[in-house]
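Here is how the chains run, residue by residue.
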Amino acid sequence: MADDSIDDSAAPLIEHLAELRTRLIHSVLAFIVGMVICFTVWNPIFDFLTHPLCSAMAVRGHSDCGLILIKLQEGFFVAISISLLGGLVLSFPYISYQMWRFVAPGLYKSEKGAFLPFLVASPFMFFLGASFAFYVVTPLAFDFFLGFQQAGSVLTGETDGNAVAGIAFQGSAQEYLSLTIKFIVAFGLCFQLPVLLTLMGKAGLVSADGLGGVRKYAVVAILVLAALVTPPDVITQVILFVVVYGLYEISIFLVRRVERKREAQLRAEGYYDDEMEAELDDPLADESGEEGKP
C-alpha cells in the first residue's frame with residue numbers, strides 16, 4: 001500500500017500561530033508592493049479599463065470619451081481603487097503560495113494531490129470570468145446604456161418645430177470605475193462555481209444526483225444573483241444567467257466524473273460492494289436477491 005502519511009511532523013500550537021503570522025505578514029507585504037506598483041502606473045491602467053466605453057462611444061460617433069471628476073478628491077480615490085484591485089491581482093499568486101505552504105504540512109500526500117489542482121484552477125477561472133466580463137459583457141452593457149442619449153436641436157428661422165433638450169453622457173470617473181470593477185469581480189466569482197462544487201464533490205459534500213435534483217431551485221437562485229450583481233438591464237442579466245447556469249451544468253458533469261473515479265478506485269481496492277449497492281438502490285429486494293413486489 002502506498003505511503004499516504006503526513007510529510008511533516010506535528011508542531012505545537014504556538015508554532016502554527018507563529019507560522020500563520022509569518023505567512024500573513026508576507027502576504028500583506030506582497031499586496032502593498034503590488035499596490036504601490038499599480039499606483040505608479042494607474043493612468044495607463046485606467047486608460048485600459050476605459051477601452052470598452054471608448055469603443056462603444058466611437059461606434060456612436062463620439063470622438064471624445066473623457067470622464068469627469070465630480071468631486072475634488074475623486075481622482076485620488078480612482079487611483080486608490082485601481083491600486084487596490086491591481087495590487088490584489090499582482091499579489092494573488094504569491095498569496096496563494098503562502099496559503100498553500102501553511103496548509104500543506106497538515107495534508108496527506110493524496111490530499112495534496114487532490115487539492116493542488118483546485119488551487120491552480122481557481123485563479124485561472126477567475127481571470128477567465130474577468131476577461132469574459134471585460135471583453136464581452138461590458139461592451140454590450142455600455143452600448144445599451146449609451147443608447148439613452150438624445151441629440152439636442154436648436155430652433156432656427158428655417159424650422160417651425162420646437163427645440164429638443166439633448167441628453168449627453170458625461171460620466172463620473174469614479175462611478176464608471178466602480179461599475180467596471182463590479183462587472184469584473186462578479187463574473188470572476190461566478191466562474192468559481194465549477195471549482196467550488198467539484199471540490200465539494202471530491203470531499204463528498206455534494207453529489208451529481210443531488211445537484212441535478214435541485215436544478216429548479218438553482219435556476220431561481222441564479223436569476224436572483226443576476227438581478228443583484230448586474231445593472232438593471234435585461235441583456236447583462238440574461239448573459240450572466242446563461243453563463244452561470246452553463247457553469248452549473250458543467251459542475252454536475254465534473255462532480256459525476258469525480259464520483260466515477262472514486263468508485264473505480266474503491267472497486268480496485270476491494271471496498272466497493274455491488275450487491276450492497278443493489279440492495280440500497282432497491283429497498284424492496286428480499287433476502288434471496290429477488291425484487292419485492294410493491
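Parameters and conventions
Residues numbered from 1 in each chain as written. Predicted model: local features only at pLDDT ≥ 70, side-chain atom pairs only at ≥ 80, totals over all residues. Heavy atoms only, no water. Helix = DSSP H or I, 4+ residues; strand = E, 2+ residues; numbered from the N terminus. Contact = heavy atoms within 4.5 Å. Areas by Shrake-Rupley, 256 points an atom, 1.4 Å probe, with all protein chains shown as cover. Salt bridge = Lys/Arg side-chain N within 4 Å of Asp/Glu carboxyl O. Buried < 20%, exposed > 50% of the residue type's maximum accessible area, 1.4 Å probe, protein only. Expected span 1.5 Å × (residues − 1). UniProt positions renumbered as here; feature names shortened; annotations may be inferred. Phe/Tyr/Trp six-rings, centres within 6.5 Å; stacked < 30°, edge-to-face > 60°. pLDDT = per-residue confidence, 0-100. Patch = residues over 30% accessible without salt bridge, like charges linked within 9 Å, V, L, I, M, F, W, Y side chains within 5 Å. Core = buried A, V, L, I, M, F, W, Y, C linked by side-chain atoms within 4.5 Å. Lys, Arg positive; Asp, Glu negative; His and termini not counted. Charge placed at Lys NZ, Arg CZ, Asp CG, Glu CD.

Focus on the overall build of the protein
Reasoning step 1: Per the secondary structure count, the protein includes 11 helices and 0 strands.
Reasoning step 2: Secondary structure elements in the protein, listed N-terminal to C-terminal, are α-α-α-α-α-α-α-α-α-α-α.
Reasoning step 3: For the protein, long-range pairs separated by at least 24 residues make up 76% of all intrachain contacts whose partners lie at least 6 apart in sequence.
Reasoning step 4: Within the structure as shown, the protein displays about 18800 Å² of accessible surface, and the carbon and sulfur contribution to it stands at 66%.

Observations concerning the pattern of salt bridges
Reasoning step 1: For the coordinates displayed, the defined rule picks out 3 salt bridges.
Reasoning step 2: Two residues, R23 and E19, come together in a salt bridge whose shortest N-O distance is 3.5 Å. Linking R23 with E19, this pair stays in helix α1 (residues 13–40), spanning 4 residues, or about one helical turn.
Reasoning step 3: Classification of E19 as partly exposed rests on a relative accessible area of 23%.
Reasoning step 4: One salt bridge in this structure joins R256 and D209, with 3.9 Å as the shortest N-O distance.

Here's the deal with helix α10 (residues 234–269)
Reasoning step 1: Taking 1.5 Å of rise per residue, 36 residues should cover 52 Å, and α10 covers 52 Å from first to last C-alpha, within 8% of that figure.
Reasoning step 2: Inspection of α10 places T236, I239, L240, V243, V244, L247, Y248, S251, I252, V255 and V258 among the buried residues, and these make up the whole buried set.
Reasoning step 3: Taken from the residues just after α10, G270 is the one with a positive phi, measuring 80°.

Digging into the UniProt feature "transmembrane region" (unreviewed entry) in the protein
Reasoning step 1: As recorded in UniProt, the sites labelled "transmembrane region" (unreviewed entry) are residues 24–42, 76–95, 115–137, 179–201, 213–229 and 235–255.
Reasoning step 2: The straight-line gap between the two end C-alpha atoms of residues 179–201 is 34 Å; of that span, 91% is helix and 0% is strand.
Reasoning step 3: Helix makes up 94% of residues 213–229 and strand makes up 0%, while its end C-alpha atoms are separated by 26 Å.

Thoughts on the packing of aromatic side chains
Reasoning step 1: This model, assessed by the stated rule, comprises 11 aromatic pairs.
Reasoning step 2: Each ring, one from F126 and one from F127, has its centre 6.1 Å from the other, and the planes form 80°; the classification is edge-to-face.
Reasoning step 3: Residue F126 is classed as partly exposed on the basis of its relative accessible area, which comes to 24%.
Reasoning step 4: Here F132 and F191 contribute two aromatic rings whose centre-to-centre distance is 6.1 Å and whose plane-to-plane angle is 40°, an arrangement assigned as tilted. Here the residue F132 occupies a position in helix α5 (residues 109–146), and F191 occupies one in the loop between α6 (173–190) and α7 (193–202), the gap between them amounting to 59 residues.
Reasoning step 5: You can call F191 buried: its relative accessible area is 8%.

Digging into the confidence of the model for the protein
Reasoning step 1: Per-residue confidence for the protein averages 78 on the pLDDT scale, and 78% of its residues sit at or above 70.
Reasoning step 2: When the criterion is pLDDT under 50, residues 278–294 qualifies, and its contacts beyond four places in sequence or with other chains add up to 8 contacts.

Brief notes about a nonpolar patch on the surface
Reasoning step 1: A contiguous nonpolar patch, built from L13, I14, L17, L20 and L24 and spanning about 500 Å² of accessible area, is present on the exposed surface.
Reasoning step 2: Relative to the elements of secondary structure, L17 occurs in helix α1.

Comments concerning the nonpolar core
Reasoning step 1: Core analysis: the biggest nonpolar cluster contains 26 residues, and L53, F142, F183, F187, F191 and L240 have the highest contact counts within it.
Reasoning step 2: Breaking this core down by element, the ones donating at least two residues are α3 (51–59), α5, α6, α9 (215–229) and α10.
Reasoning step 3: In terms of residue count, α5 provides more of this core than any other element does, 7 residues in total.
Reasoning step 4: Once residues within four sequence positions are removed from consideration, F191 is found in contact with M125, L128, G129, F132, V243 and L247.

Some words on the environment of L228
Reasoning step 1: You can see L228 is positioned in helix α9.
Reasoning step 2: Put simply, L228 and A186 are 42 residues apart on the chain and 9.9 Å apart in space, counted from C-alpha to C-alpha.

Comments concerning the side chain of S91
Reasoning step 1: Relative to the helices and strands, S91 is located in helix α4 (residues 74–103).
Reasoning step 2: S91 sits in the buried class, given a relative accessible area of 3%.
Reasoning step 3: Not counting residues up to four positions away in its chain, the partners in contact with S91 are A30 and F31.

What about a positive patch on the surface?
Reasoning step 1: Positive charge collects at one region of the surface, where K202, R257, K261 and R262 lie side by side.
Reasoning step 2: No other element matches α10, which puts 3 residues into the positive patch.
Reasoning step 3: When its relative accessible area of 31% is taken as the criterion, R262 is described as partly exposed.

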